[in-house]
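Notes for the structure review
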Amino acid sequence: MALRARALYDFRSENPGEISLREHEVLSLCSEQDIEGWLEGVNSRGDRGLFPASYVQVLRAPEPGPGADGGPGGPARYANVPAGGFEPLPAGPPASFQPPPPPSTFQPLGAGFPSGGGALQPCGGGYQAGYQGGYPASQGSDDDWDDEWDDGSTAADEPCAPGGGGSSSSAHPDLDGAAGGGGAGGGGRYRLSTRPDLSLGSRGGGPAAPPHPPPGAKSSATVSRNLNRFSTFVKSGGEAFVLGEASGFVKDGDKLCVVLGPHGPEWQENPYPFQCSVDEPTKQTKFKGMKSYISYKLVPTHTRVPVHRRYKHFDWLYARLAEKFPVISVPHLPEKQATGRFEEDFISKRRKGLVWWMSHMASHPVLAQCDAFQHFLTCPSSADEKAWKQGKRKAEKDEMVGANFFLTLSTPPAAALDLQEVESKIDGFKSFTKRMDDSALQLNHTANEFARKQVTGFKKEYQKVGQSLRGLSQAFELDQQAFSAGLNQAIAFTGDAYDAIGELFAEQPRQDLDPVMDLLALYQGHLANFPDIIHVQKGALTKVKESRRHVEEGKMEVQKADGIQDRCNTISFATLAEIHHFHQIRVRDFRSQMQHFLQQQIIFFQKVTQKLEEALHKYDTV
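Residues numbered from 1 in each chain as written. Predicted model: local features only at pLDDT ≥ 70, side-chain atom pairs only at ≥ 80, totals over all residues. Heavy atoms only, no water.

Before going further, it helps to examine the environment of Q489. Here Q489 shows up in helix α9 (residues 485-507). Here Q489 falls in the exposed class, since its relative accessible area comes to 60%. Sequence separation of Q489 and K618 is 129 residues, and the distance between their C-alpha atoms is 8.0 Å. (Helix = DSSP H or I, 4+ residues; strand = E, 2+ residues; numbered from the N terminus. Buried < 20%, exposed > 50% of the residue type's maximum accessible area, 1.4 Å probe, protein only.)

What follows is the structure, encoded as structure tokens:
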């Protein structure tokens, strides 16, 4: 029979896919099992979606016959439904009683909610739920993206359309990839789950394991959840993964491999490395000249096909990657500027920043192979708008985000990892990043101040010397002696040489100091990313320590604690691999940049020396 529930408190929906409740309202439930504290149902206004399980009381009449659900001897099918029945609903909560806070942002466990877009949509007579592992940080409407690229949807974009963004496996979320038989793509997908209730025994359509042990069984402790639901560890999905609440389908191409290298864990190398140039910033217009923007020409070496992108496209890509990869440092983009966006100096500086950004993206073994990044580099947006929109929306509906992202990590055997050694390395890297950040700030300030002095102070001082020398030459010309004419000309030439040296000082920061400051700005972005990455790893390690304490006290099974430690090892492997990659590119970048700086300094002082030598030779004929 249909399951119903009565709302105990008012609830106002705040996110896509949720529905609002009114106190004492009767709802129809769609599922017998709450997922991370959320239930799905239909309210009295016909809206279907999610609401907190703690805000309702399930109304489920017992069926006749012994052993029926809810009857004597039958186990309760809801964790929040007492086996002995229900107490009458009170007229209202006490005046001092506050409703419990709703669970944190819902992240699907894959057991009952297929992947897809935002709200529930009719699909073949039923409903398809479109939830991701957390709500995208910057997923706006199509109009917010681009008027000419996203002015409408296509049939292929609909979740229910063949070949569209909706997953064909969503109708049977509990089937393994091998069970697909002759289904399209069945051999390329398989289910990974960290949830005990999604074991092999519960996948064949039989009853799921009860959420609580039967009466009389020894109760076991559970690892507590963080009280701060806005911490990076929680928002990234790390907590849900470590506690065994992640479940999803992982394609073979989505696996991210960590291997053991000579210096520890590292990302598996990209088998098809490439680079990408960023050139020819050009001012473009649309809407008959009413709107202007700068377009950059990108030419990847692996396709050699040029594409044009605006800064807002870079910004969209950055938001997608930062959301998808919680343990990878996605390089920051050059800063935005409200005014002067079309000034030549600003455009040139932004292009140089994008060159550094693209170099780091293309050299990262994981980011370089990401589908969203490859779509960004290869899709000819102006030639095929439909392909661009499909790729963009596919990236925005990616299932492997949040807790599910960690399911894509493939790591070496856990025996190769010592948690105490990992903790020591993480603490050492944390101290390193703090010291490097302070040093980078100091160097950036010093370089900026020195460049300012060269452009204004040094140029002005050298020109003062030149002007004074020319004044002396003009004074000597009053002598009217023929044998002093050569000296007068030599002194005037020396004054001109000092003027030219002043100009060289003013132009030099563009050649040596500015590139150093561009590099420091990029690495300051990386250093700002690592506190969150370290926080995820530290949060996982805290859960391991807590589970071990429960085992020592006899409150938790060793097998359950081992599962928590294995999942913590997965996060630790990925964190150490990212730290190793950071050190690799740091050595590469600062080596090449310091070589470039010193080479430009040598060229600069050679030019200064040449000017002085030319002035010196003028005195040989006096």
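This next bit is on the packing of helix α5 (residues 344-363) against helix α11 (residues 558-617). One way to put it is that α5 packs onto α11 with a least axis distance of 12 Å and a crossing angle of 140 degrees. The angle between the axes of α5 and α11 places the two elements in the oblique class. In the packing of α5 onto α11, the handedness of the crossing is right-handed. Counting all contacts with α5, which are made through W356, S359, H360 and S363, the residues of α11 involved are H581, I585, R588, D589 and Q593. The class makeup of the residues in the contact of α5 with α11 is two nonpolar, five polar and two charged. (Axes fitted to C-alpha atoms, helices over the stretch in contact; angles between N-to-C directions. Parallel < 35°, antiparallel > 145°, perpendicular 65-115°, else oblique. Left-handed = near helix turned anticlockwise from the far one by under 90°. Contact = heavy atoms within 4.5 Å. Nonpolar A, V, L, I, M, F, W, Y, C, P; charged D, E, K, R; others polar.)

The next subject is the packing of aromatic side chains. A complete count under the given rule lists 23 aromatic pairs for this structure. Ring geometry for F11 versus W38: centroids 6.3 Å apart, planes at 70 degrees, classification edge-to-face. Residue F11 is located in the loop between β1 (4-7) and β2 (26-29), and its partner W38 is located in strand β3 (residues 38-42); the two are separated by 27 residues in the primary sequence. With centroids separated by 5.8 Å and ring planes inclined at 85 degrees, the aromatic side chains of F429 and F582 adopt a geometry described as edge-to-face. In this pair, F429 is assigned in helix α8 (residues 419-476) and F582 in helix α11, connecting sequence segments 153 residues apart. Given a relative accessible area of 4%, F429 falls into the buried group. The class for F582 is buried, based on a relative accessible area of 2%. Pairwise contacts between aromatic rings join F450, F458, Y462, Y498, F505, F604 and F605 into one cluster. Here the guanidinium or amino end of K283 rests over the ring plane of F342, the centre of that ring lying 4.6 Å away. Above the ring of F376, the side-chain terminus of R309 is found at 5.5 Å from the ring centroid. (Phe/Tyr/Trp six-rings, centres within 6.5 Å; stacked < 30°, edge-to-face > 60°. Lys NZ or Arg CZ within 6 Å of the ring centre and 35° of its normal.)

Moving on, we get to the pairing of strand β10 (residues 256-261). Sheet topology places β10 next to strand β15 (residues 409-410); two bridges connect them, and they run parallel. Each bridged residue has a counterpart across the sheet, and for C257 the counterpart in β15 is S410. Note: β10 against strand β11 (residues 264-267), four bridges, orientation antiparallel. Residue pairing for β11: G261 is matched across the bridge by G264. A loop of two residues connects β10 with β11, the two strands running antiparallel in sequence. (Pairing = 2+ DSSP bridges.)

Backbone-to-backbone hydrogen bonds pair the strands of a sheet. The strands run either parallel or antiparallel. The sheet built from three strands is open, its strands ordered β12-β13-β14 with antiparallel pairing. Because the sheet does not close on itself, it has two edges, and the strands there are β12 (276-286) and β14 (307-310). Ignoring which end each strand starts from, the neighbouring axes of this sheet average 35 degrees apart. The pairing of strand β13 (residues 291-300) with β14 spans four bridges and is antiparallel. Opposite K297, over in β14, you have H308 as the bridge partner. Contacting β12, β13 and β14, helix α6 (residues 371-378) crosses the sheet at an angle of about 110 degrees to β14.

Any two packed helices are characterised by the angle at which their axes cross and by the distance between the axes. Helix α10 (residues 513-552) packs onto α8 with a crossing angle of 160 degrees between their chain directions and a minimal axis gap of 9 Å. Classed by the angle they form, the pair α8 and α10 counts as roughly antiparallel. Crossing hand, α8 versus α10: left-handed. Looking at the contact of α8 with α10 residue by residue, the class counts come to 20 nonpolar, six polar and seven charged.

Read across the open sheet, the three strands follow the order β11-β10-β15; overall the sheet is mixed. Two strands close off the open sheet at either side, each with one partner strand: β11 and β15. Along the sheet, α11 makes contact with β10, β11 and β15, crossing β11 at roughly 75 degrees.

Even without glycine at this site, H24 takes up a positive phi of about 75 degrees. Relative to the helices and strands, H24 is located in the loop between β1 and β2.

A few words on the confidence of the model for the protein. A low pLDDT score tells you not to read the predicted coordinates there in detail. For the protein, per-residue confidence averages 77 on the pLDDT scale, and residues scoring 70 or more make up 73% of the total. Every residue in residues 105-187 scores below 50 in pLDDT, and together they form 188 contacts with partners more than four places removed in sequence or on other chains. (pLDDT = per-residue confidence, 0-100.)

So, on to helix α7 (residues 385-396). A rise of 1.5 Å per residue sets the reference length of α7, with its twelve residues, at 16 Å; its end C-alpha atoms lie 17 Å apart and thus fit the reference within 8%. Buried residues of α7: W388, K389, G391, K392, R393, A395 and E396, and no others. (Expected span 1.5 Å × (residues − 1).)

Before going further, it helps to examine the environment of S572. Within the secondary structure, S572 is located in helix α11. Distance in space between the C-alpha atoms of S572 and D418 is 9.9 Å, their sequence separation being 154 residues. Those residues in contact with S572 that lie beyond four places of it in its chain are L417, V422 and Q537.

A word on the side chain of E578. Along the chain, E578 falls in helix α11. Of the side chains bearing the opposite charge, R588 lies closest to the buried E578, which forms no salt bridge; the N-O distance is 11 Å. Aside from chain neighbours lying at most four places away, what touches E578 is W267, V327, I328, S329, H364 and F530. (Lys, Arg positive; Asp, Glu negative; His and termini not counted. Salt bridge = Lys/Arg side-chain N within 4 Å of Asp/Glu carboxyl O.)

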